[in-house]
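# Structural features, examined
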Amino acid sequence: MALKTLNDLNFKDKRVLVRVDYNVPIKEGKVTDDTRIEASLPTLKKLLSEGSSLILMSHLGRPKGGPEDKYRMGPVAQKLSELIGQEVRYEATNGPASKEQQAFVEKAPKGSITLLENTRFDSREETNDPELSRILASYADVYVNDAFGAAHRAHASTEGVAKFLPGAAGYLLEKEISTLSKLLNNPESPFKVIIGGAKVSDKIGVIENLLDMADEILIGGAMAYTFFKAQGGKVGKSLVEDDKLDLASDLLERAKAKNTKILLPSDSMCAQEITEGVETKVYPSDDIPEGWMGLDIGPEAIKTYQDSLKDAKTILWNGPMGVFEFSPFNTGTNEVAKTVAHLDGFTVVGGGDSVAAINKSGLADKIDHISTGGGASLELLEGKTLPGVAALED
Ligand code: ADP
Ligand code: MG
């Protein structure tokens, strides 16, 4: 099945309904980080250059199914207008399908951009109600989805609406899907995966799916201690998911059977508290004393991981190596970031916190692909089909 893209549809004189991801941080009525708005511009400009009018829609924050002033799209409209250099029509309404909203959309002139009110002001958005999809679809002739971060949700504005209009993926969505699919279908070997973060349970599906494709899986973050405890190690008061011990043992067994190497951090940077400037000690990760916890991969593990990554041709990194929010425990994450950034192979980084870490390190432009959708990239890497994407396939 092929994903339909902007090349597959004609936009001349068409009204185009575009699902974007404008779920951006807002403080005192101003957008404080416009990365996501900026990222949508290539798709919007392409559509406008073909002579279309745009009706844009996005969710913002977590309103409880009705209008809430702090989640209105006004600040987003203003920021988009600045960035694209054109008026962005917006009116505060009770929701994207309300009577006032419908009247406002009807008055949209040719070549204009209209931003609808927050899709989550309508409780039918998250229940994927066909009546909401039908009203949204009535605003336009064609549908474009460019919101990768929401593509794993079957909502009225992501999945339902595609049943009422011819649809295609925008540039952002297309790039995410083609890059991540390439990683899963045809990775150049050696393919090495670095997985970290807080919980095994969040990433178990990804590890399972990648066991078949990866040559090596390097584990960091808190999830390492569940693996160590499962093998009888002493992990002090490190974060462990006790109900996932069997699953962890089972994964190690299966990796062995498939000849996929799973690397665990031999040592850990430990402390008794998670605070800035706290006393730290390095212990073997399977021999951490009572009262201490592993908060970062240790110096020996960093060295091992750096050596392992040297010959990699394809690298996927998801999840920080330690509690990188606190300065003594960001070393492992920063070192891995530097190493990955300077590799010759094809590098992909995904996951909310990992992407934040790579941005903070100033190395983002040295990564081949930074995946923006946390949940959506995880589900894709688990081998699942995303409902918002399936809806755009032939
Ligand atoms: P991502 O968003 O990149 O997918 P996760 O959300 O899975 O990553 O995990 C990130 C969180 O994991 C961070 O808040 C970090 O502090 C935490 N974390 C990483 N290592 C440890 C550890 N050893 N102990 C406790 N928390 C950890
Ligand atoms: Mg996270």
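Small disclaimer: the values here were computed from a predicted structure and weren't measured.

Here is what the cut-offs are and how they apply
- Residues numbered from 1 in each chain as written.
- Chains lettered and ligands numbered in written order.
- Predicted model: local features only at pLDDT ≥ 70, side-chain atom pairs only at ≥ 80, totals over all residues.
- Heavy atoms only, no water.
- Near = heavy atom within 4 Å.
- Polar contact = N/O pair within 3.5 Å; in protein donor to acceptor, adjacent residues only side chain to side chain.
- Areas by Shrake-Rupley, 256 points an atom, 1.4 Å probe, with all protein chains shown as cover.
- 1 Å grid on protein atoms, 1.4 Å probe; cavity = no way out; pocket = protein on both sides within 12 Å on 5 of 7 lines; lining within 4 Å.
- Sits in = over half its atoms within 2 Å of the grid points.
- Helix = DSSP H or I, 4+ residues; strand = E, 2+ residues; numbered from the N terminus.
- Phe/Tyr/Trp six-rings, centres within 6.5 Å; stacked < 30°, edge-to-face > 60°.
- Buried < 20%, exposed > 50% of the residue type's maximum accessible area, 1.4 Å probe, protein only.
- Lys NZ or Arg CZ within 6 Å of the ring centre and 35° of its normal.
- Pairing = 2+ DSSP bridges.
- Contact = heavy atoms within 4.5 Å.
- Axes fitted to C-alpha atoms, helices over the stretch in contact; angles between N-to-C directions.
- Domains from an automatic or database assignment.
- Buried area = accessible area lost by both parts, 1.4 Å probe.
- Salt bridge = Lys/Arg side-chain N within 4 Å of Asp/Glu carboxyl O.
- Nonpolar A, V, L, I, M, F, W, Y, C, P; charged D, E, K, R; others polar.
- Points joined across faces, edges and corners; volume = space filled by probe spheres on them.

With that settled, consider the site of ligand 1. Taken together, 18 residues lie around ligand 1, and Lys 203, Gly 294, Glu 325, Asp 353 and Ser 354 are the ones closest in. Within the backbone of Ala 198, one N or O atom sits 3.2 Å away from an oxygen atom of ligand 1. Measuring from an oxygen atom of ligand 1, one finds a side-chain N or O atom of Lys 203 at 3.0 Å. A total of 580 Å² of accessible area belongs to ligand 1 in isolation, and the protein chains cover 84% of it. When atom positions are compared with the pocket grids, ligand 1 is found to occupy the second largest pocket. Those elements giving two or more residues to the shell around ligand 1 turn out to be β16 (293–297) and α11 (352–360). Per-element accounting of the shell around ligand 1 gives the leading share, three residues, to α11.

A separate point is the packing of aromatic side chains. Evaluated as defined, the whole model comprises two aromatic pairs. Ring geometry for Tyr 225 and Phe 228: centres 6.5 Å apart, planes at 35°, overall tilted. Here the residue Tyr 225 and the residue Phe 228 both occupy positions in helix α7 (residues 223–230), the gap between them amounting to three residues, near one helical turn. The pair formed by Tyr 225 and Phe 228 is uniform in burial state, with each residue classed as buried. On the basis of an interplanar angle of 75° and a centroid distance of 5.6 Å, the ring pair of Tyr 283 and Trp 292 is categorised as edge-to-face. Residue Tyr 283 shares its accessibility class with Trp 292, and that shared class is buried. Here the basic side chain of Arg 89 rests over the ring of Phe 104, its NZ or CZ set 4.0 Å away from the ring centre. Directly above the ring of Phe 346 sits Lys 182, whose terminal nitrogen or CZ lies 4.1 Å from the centroid.

Side chains of strand β7 (residues 142–145) alternate between two faces, with Val 142 and Val 144 and Tyr 143 and Asn 145 buried alike. Sheet analysis places strand β1 (residues 15–19) next to β7, joined by four bridges and oriented parallel. What sits directly across from Arg 19, in β7, is Asn 145.

With respect to the element layout, Lys 366 can be found in the loop between α11 and β19 (369–370). Distance in space between the C-alpha atoms of Lys 366 and Ala 337 is 9.9 Å, their sequence separation being 29 residues. Aside from chain neighbours lying at most four places away, what touches Lys 366 is Ala 341, His 342 and Thr 347.

Strand pairing within a sheet occurs via backbone hydrogen bonds; the two strands may be parallel or antiparallel. The strand order β12-β10-β9-β17-β18-β19 describes an open sheet built from six strands, whose pairing is parallel. Lying at the two open borders of the sheet, with one neighbouring strand each, are β12 (261–263) and β19. As paired elements, strand β9 (residues 191–195) and strand β17 (residues 314–318) share five bridges and run parallel to each other. Each bridged residue has a counterpart across the sheet, and for Val 193 the counterpart in β17 is Leu 316. Relative to β9, helix α6 (residues 200–210) is tilted by about 165°, and along the sheet it contacts β9, β10 (216–219) and β17. Packing against the sheet, helix α9 (residues 299–309) makes contact with β9, β10, β12 and β17, and its axis sits at approximately 155° to β10.

Segmenting the protein into domains produces domain 1 (6–172) and domain 2 (179–381). Put simply, the middle of domain 1 and the middle of domain 2, counted by C-alpha atoms, are 36 Å apart. Roughly 440 Å² is buried in total at the junction of domain 1 and domain 2, and carbon and sulfur atoms are behind 70% of that figure. In this assembly, domain 1 and domain 2 are joined by zero salt bridges. Counting across the interface, domain 1 meets domain 2 through zero residue pairs in polar contact (both at pLDDT 80 or more). Its residues assigned to classes, the side of domain 1 that touches domain 2 shows one nonpolar, two polar and one charged.

Attention shifts here to the side chain of Thr 5. Following the sequence through the fold, Thr 5 ends up in the segment before β1. Ignoring anything within four residues of it in the chain, the contact list for Thr 5 reads Ala 168, Ala 169 and Glu 174.

If you add up the space inside the largest pocket, you get close to 690 Å³. Every residue lining the largest pocket is counted, 28 residues in all, and those nearest its centre are Thr 35, Arg 36, Val 355, Ser 371 and Thr 372. Among the secondary structure elements, those contributing two or more residues to the lining of the largest pocket are α1 (35–49), α5 (171–185), α11 and β19. Classifying every residue of the lining of the largest pocket gives 10 nonpolar, 11 polar and seven charged. Counting contributing residues, the lining of the largest pocket receives three or more from each of domain 1 (6–172) and domain 2 (179–381). Taken as a whole, the second largest pocket holds about 440 Å³ of empty space. Looking at the second largest pocket, it is lined by 30 residues, and the ones nearest its centre are Gly 197, Ala 198, Pro 320, Gly 322 and Asp 353. Contributions of two or more residues to the lining of the second largest pocket are made by α6, β16, α11 and α12 (374–381). The element best represented in the lining of the second largest pocket is β16, accounting for five residues. Of the residues contributing to the lining of the second largest pocket, the split by class is 13 nonpolar, 12 polar and five charged.

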